[in-house]
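Given next are the chains, with one letter for each unit.
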Amino acid sequence: MMRLIFLLFFSLISIHLQAQAPKRELRGVWVATVQNIDWPSPHNYDGAKQKTEFIDLLNSHQKTGINALFVQIRTASDALYAKSVEPWTTYLSGKQGQAPSPYYDPLEFMIHQTHARGMEFHAWLNLNRASMSSRSLLSSEHVARKHPEWLLSYNGQLLFDFGIPAARHYIAGLVRNIILNYDVDGIHFDDYFYPYPDPKSKLSDEDTYQKYRLPGEKIDDWRRRNTSALIQEISETIRKTNPKIKFGISPFGIWRHKTADPLNGSPTTRGLQSYDDLYADTDFWLKQGWLDYIAPQLYWDASHRVAPFKPLAEWWNAHAYGKPVYFGMASYHLEDVWSNKEMKKQVEISRSMKNGQGLIFYSSTSLTKNWKGWRDTLRTNYFAYPALVPTTPWLDSIPPHAPTQVFLTKKTLKWQAGEESDDGDPVSYYVVYRIPKQDKKYLEDPRNIVYKGKATELILEQDDLKPGYGFTVTAFDRLHNESRPSAIAWTKPVISD
């Protein structure tokens with residue numbers, strides 16, 4: 001009887017883990033470079049040591065189960081990459097405009113290392129900042145020196161005036177340049193559009209408003225039209241330059257309150273609203289199809305009095321308009337008030353949402369330093385099994401052809417690439433499934449994945465070679481479309497009962 005209870009207990013644990021671990025899930029982390037928050041470490045101006053730090057960061061996240069990095073490569077009209085019209089960021093060398101030493105191209109290096117570990121790399125850019133403060137020492141190549149007429153001064157910072165078409169074209173041009181020169185998987189912007197309100201500051205864009213407004217247009221509507229025009233131009237630039245690059249936004253977690261918009265607002269009544277205060281109409285952008293995902297920053301706990309996590313998650317889930325929602329989580333709060341239990345609750349809420357297809361944690365340090373043991377919890381529970389990145393069928397829905405000539409010799413499984421895919425896309429990686437006996441749904445269970453990578457052969461562990469088990473291989477393209485499974489290579493013939 002005790003043995004039966006014991007087996008039942010562990011069976012329930014296994015079912016619970018499987019239910020919580022979908023085969024497709026974006027598992028991301030934001031790597032902030034502004035003010036050296038995550039990388040490189042403060043005052044580390046040695047290019048070789050910066051590389052080592054990034055590799056350590058990557059290896060830690062790979063072991064955790066992270067499959068996508070969102071790395072900040074533009075903090076304030078500067079660059080963490082060589083092929084840019086903007087000056088080198090101060091966070092690499094201590095001086096804006098000065099290249100890393102020993103010299104290297106950080107973006108090229110980071111993309112290569114990230115892809116080598118089977119993870120996506122999303123280039124995260126700040127949209128509105130031109131300087132961090134009025135005391136910033138700006139390079140002669142900085143936009144403030146070349147085009148001061150594009151900028152506004154607000155709360156001690158220089159910000160772009162989005163009402164000026166040339167300023168918007170400039171930002172879209174930066175995006176085009178990145179896509180042309182670097183092998184990124186996505187372009188990503190955070191929550192900074194028009195500035196967060198400051199009661200002691202005034203946004204002096206009245207002259208621009210008078211020049212570019214439509215007849216009878218109020219200044220709030222004009223500002224929203226500016227940000228929408230910018231997002232549309234960036235989206236169209238990406239589509240024209242490389243239509244298979246993803247474009248996503250990570251907005252402030254409240255679009256509008258129910259009190260401000262009874263028909264569409266979230267069940268909140270107080271606090272900042274991105275639509276009214278930041279002039280960012282993310283709901284409209286999703287409706288227009290300009291974005292490939294939305295990653296709302298739901299940085300409040302489940303019992304928050306003003307903005308509880310679950311009702312806001314439900315609102316974003318209901319306003320996805322056919323696109324995936326990657327819930328942004330404030331794992332940085334584990335350093336202060338939040339518990340491991342709070343993070344568990346948020347993961348489970350997110351996974352219960354129909355359009356919830358992933359999680360992104362802010363920031364990288366909260367995981368690499370394992371605050372409150374959260375990294376361990378991910379590794380042993382929520383990310384115990386590998387996850388494949390969700391597909392984006394509106395960008396590409398054509399899978400590769402199945403691998404061929406799959407055979408097993410002693411401990412080595414080998415296969416060959418199938419025919420060229422119908423759209424000509426090369427195979428990006430392979431996944432090997434171990435089939436438990438006659439399980440007909442083996443492709444749906446991430447526990448059956450024993451390999452993900454570019455190689456066409458695999459040395460199997462002894463535990464994988466149990467009698468009656470088989471192996472099949474599928475091929476994936478860059479946007480994670482999966483081929484049909486190959487023929488099955490069995491360890492031994494399966495004998496029917």
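Definitions and limits used
Residues numbered from 1 in each chain as written. Predicted model: local features only at pLDDT ≥ 70, side-chain atom pairs only at ≥ 80, totals over all residues. Heavy atoms only, no water. Helix = DSSP H or I, 4+ residues; strand = E, 2+ residues; numbered from the N terminus. Buried < 20%, exposed > 50% of the residue type's maximum accessible area, 1.4 Å probe, protein only. Pairing = 2+ DSSP bridges. Phe/Tyr/Trp six-rings, centres within 6.5 Å; stacked < 30°, edge-to-face > 60°. Lys NZ or Arg CZ within 6 Å of the ring centre and 35° of its normal. Polar contact = N/O pair within 3.5 Å; in protein donor to acceptor, adjacent residues only side chain to side chain. Contact = heavy atoms within 4.5 Å. Salt bridge = Lys/Arg side-chain N within 4 Å of Asp/Glu carboxyl O. Axes fitted to C-alpha atoms, helices over the stretch in contact; angles between N-to-C directions. Parallel < 35°, antiparallel > 145°, perpendicular 65-115°, else oblique. Left-handed = near helix turned anticlockwise from the far one by under 90°. Nonpolar A, V, L, I, M, F, W, Y, C, P; charged D, E, K, R; others polar.

Help me understand unusual backbone geometry in this model?
Where the residue is not glycine, phi is negative for most of them; where a peptide bond is considered, it is trans in most cases. The step from W39 to P40 runs through a cis peptide bond, and the omega angle for that step is -20°. Residue Y362 is joined to S363 through a cis peptide bond whose omega torsion reads 0°. Of note, the phi angle at Y321 is positive, near 55°, even though the residue is not glycine. Checked against the element boundaries, Y321 lands in the loop between α11 (309–318) and β10 (325–329). Here Y321 falls in the partly exposed class, since its relative accessible area comes to 34%.

Explain the pairing of strand β5 (residues 157–160) here, please?
Each regular strand displays side chains that alternate between the two surfaces of the sheet. Where strand β4 (residues 151–154) and β5 come together, 4 bridges link them in antiparallel fashion. Bridging across to β5, L151 finds its partner in F160. The turn linking β4 back onto β5 is made up of 2 residues, and N155 within it adopts a positive phi angle of 50°.

Got a minute to help me understand the packing of aromatic side chains in this structure?
Note on aromatic pairs: each is described by the distance of the centres and the angle between the planes. Under the counting rule described, the total for this entry stands at 33 aromatic pairs. Ring pairs connect the aromatic residues W30, F70, Y293, Y299, Y326, Y332 and Y362, which therefore count as one cluster. A cation over an aromatic ring shows up here: K83 above the ring of Y182, its NZ or CZ 5.6 Å from the ring centre. If you follow R224 out to its NZ or CZ, it ends over the ring of Y275, 4.0 Å from the centre.

How should I be thinking about the side chain of E120 in this particular structure?
Tracing the sequence through the fold places E120 in strand β3 (residues 120–125). A distance of 2.7 Å separates polar atoms of two side chains, one belonging to E120 and the other to H480. When residues no more than four places from it in sequence are discounted, the contact partners of E120 are L26, N67, A68, L69, T114, D185, K246, V389 and H480.

What should I look at first to understand the pattern of salt bridges in this one?
Pairs may arise between side chains of opposite charge once their charged atoms sit close together. Counted according to the given criterion, the structure contains 21 salt bridges. The partner of E86 in a salt bridge is R74, and the shortest N-O contact between them spans 2.7 Å. Taken as a pair, E86 in the loop between β2 (68–74) and α3 (90–93) and R74 in strand β2 lie far apart in primary sequence, 12 residues in all. What makes E86 buried here is its relative accessible area of 5%. Overall, R74 belongs to the buried group, its relative accessible area being 1%. D423 is the salt-bridge partner of K244, the closest N and O atoms lying 3.6 Å from each other. Taken together, the positions of K244 in the loop between α8 (219–241) and β7 (246–249) and D423 in the loop between β13 (412–416) and β14 (429–435) put the pair 179 residues apart, joining distant regions of the chain. For K244, a relative accessible area of 29% translates into the label partly exposed. Judged by relative accessible area, D423 falls into the partly exposed class, the value being 26%. Ionic contacts of the salt-bridge type, sharing partners, join the residues K244, D396, D423 and D425 into one network.

Please explain the packing of helix α6 (residues 165–181) against α8 as it appears in this structure.
One way to put it is that α6 packs onto α8 with a least axis distance of 9 Å and a crossing angle of 25°. With respect to α8, the axis of α6 lies roughly parallel. In this structure, α6 crosses over α8, and the sense of that crossing is right-handed. Contacts from R168, H169, I171, A172, V175, R176, I179 and L180 in α6 reach N226, A229, L230, E233, I234, T237, I238 and T241 in α8. Residues that form the contact of α6 with α8 fall into these classes: 9 nonpolar, 4 polar and 3 charged.

Explain the environment of S250 here, please?
Following the sequence through the fold, S250 ends up in the loop between β7 and α9 (274–277). When near neighbours in sequence (up to four residues on either side) are disregarded, S250 contacts W30, H188, F189, D190, D191, A295 and Q297. Polar side-chain contacts of S250 include one of 2.8 Å to the backbone oxygen of A295.

So what exactly am I meant to see when it comes to the environment of Y45 here?
As for its position among the elements, Y45 is in the loop between β1 (26–31) and α2 (47–64). Judged by its relative accessible area of 36%, Y45 is partly exposed. Between the C-alpha atoms of Y45 and P102, which are 57 residues apart in sequence, the distance is 9.3 Å.

For this particular structure, what's the right way to read the sheet that holds β13?
In sheet architecture, strand pairing relies on hydrogen bonds along the backbone and comes in two forms, parallel and antiparallel. Reading across from one edge, β12-β13-β16 is the order of the 3 strands in this open sheet, with antiparallel pairing throughout. Of all strands in the sheet, those bounded by a partner on one side alone are β12 (404–409) and β16 (457–459). The average angle at which neighbouring strand axes cross in this sheet is 10°, direction not considered. The pairing of β12 with β13 spans 4 bridges and is antiparallel. Looking at the pairing, F407 lines up with K414 of β13.

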